[in-house]
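Inside the fold
Each chain, letter by letter, is given below.
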Amino acid sequence: EIKGYVLDKNEKKLSKNKNHIVITEKEIQLIEALFASKNALKKNKILEIVWKYSDDADTHTVETHIYRLRKKISNKFKEDNFIINSKEGYLIWKKEIK
């Protein structure tokens, strides 16, 4: 569970309140990397984690995937702050568990 959403890696779905979107394997890996990190991730670190610096990871790969994922989430769930970007990089905000 991530921010009230359920990530189903087998069916490649992100669900919330009986609604869902279909997401790609790279989008799943992107969500997992951002959620697992305690701090914001810079673009180069995301390329290293998700794409392993593969040949198809050009300079706009991260931005393009984040843009498409944000658009899917915004269109279906009306949430614009699932992935946040700051000067430190990209992150999925989560409350601290105490």
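The structure under discussion appears in the preceding block.
Note that the coordinates shown come from a computational prediction; the quantities given were computed from them, not determined experimentally. (Residues numbered from 1 in each chain as written. Predicted model: local features only at pLDDT ≥ 70, side-chain atom pairs only at ≥ 80, totals over all residues. Heavy atoms only, no water.)

Some details on the overall build of the protein
To be explicit about the condition: A run of H or I in DSSP becomes a helix once it reaches four residues, and a run of E becomes a strand once it reaches two; helices and strands are each numbered from the N terminus. Surface accessibility in these figures is a Shrake-Rupley result with a 1.4 Å probe; residues are shielded only by whichever protein chains are displayed.
Across its full length, the protein holds three helices and five strands. Here the protein has roughly 6800 Å² of accessible surface; of this, 49% comes from carbon and sulfur atoms.

What to know about the pattern of salt bridges
Condition: Whenever Lys or Arg places a side-chain nitrogen within 4 Å of a carboxyl oxygen from Asp or Glu, that contact is recorded as a salt bridge.
Taken as a whole, this structure holds eight salt bridges when the rule is applied. Residue Glu-79 is joined to Lys-3 by a salt bridge in which the shortest nitrogen-to-oxygen separation is 3.2 Å. With Glu-79 in the loop between helix 3 (61-77) and strand 4 (84-86) and Lys-3 in the segment before strand 1 (6-8), the pair connects residues that are 76 residues apart, well separated along the chain. Between Lys-13 and Glu-11 there is a salt bridge, and its shortest N-O distance comes to 3.1 Å.

A closer look at the pairing of strand 2 (residues 13-16)
Stated precisely, the cut-off is as follows: A pair of strands counts as paired when DSSP detects no fewer than two bridges linking them.
Pairing of strand 1 with strand 2 involves three bridges; the strand directions are antiparallel. Bridged to Val-6 within strand 2 is Ser-15. Linkage of strand 1 to strand 2, two consecutive antiparallel strands, is achieved through a turn of four residues, within which Lys-12 is found at a positive phi near 55°. Examined bridge by bridge, strand 2 and strand 3 (residues 19-22) share four bridges and lie antiparallel to one another. Residue pairing for strand 3: Leu-14 is matched across the bridge by Ile-21. Linking strand 2 back to strand 3 in an antiparallel pair, the connection comprises two residues, with Asn-17 at a positive phi of about 50°.

Here's the deal with the sheet that holds strand 3
Under the convention used in this document: In this analysis an axis means a line fitted to C-alpha atoms, helices contributing only their contacting stretch, and an angle means the value between N-to-C directions, from 0 to 180 degrees. Contacts between residues were defined by any pair of non-hydrogen atoms, one from each residue, lying within 4.5 Å.
Taken together, the three strands give an open sheet; going across it, the order is 1-2-3, and neighbouring strands pair in antiparallel fashion. Whereas interior strands pair on both sides, the edge strands pair on one side only; in this sheet they are strand 1 and strand 3. Geometrically, the sheet is characterised by an average inter-axis angle of 20° between neighbouring strands, direction not taken into account. Against the sheet, helix 3 makes contact with strand 2 and strand 3, and its axis sits at roughly 155° relative to strand 3, the strand it touches most.

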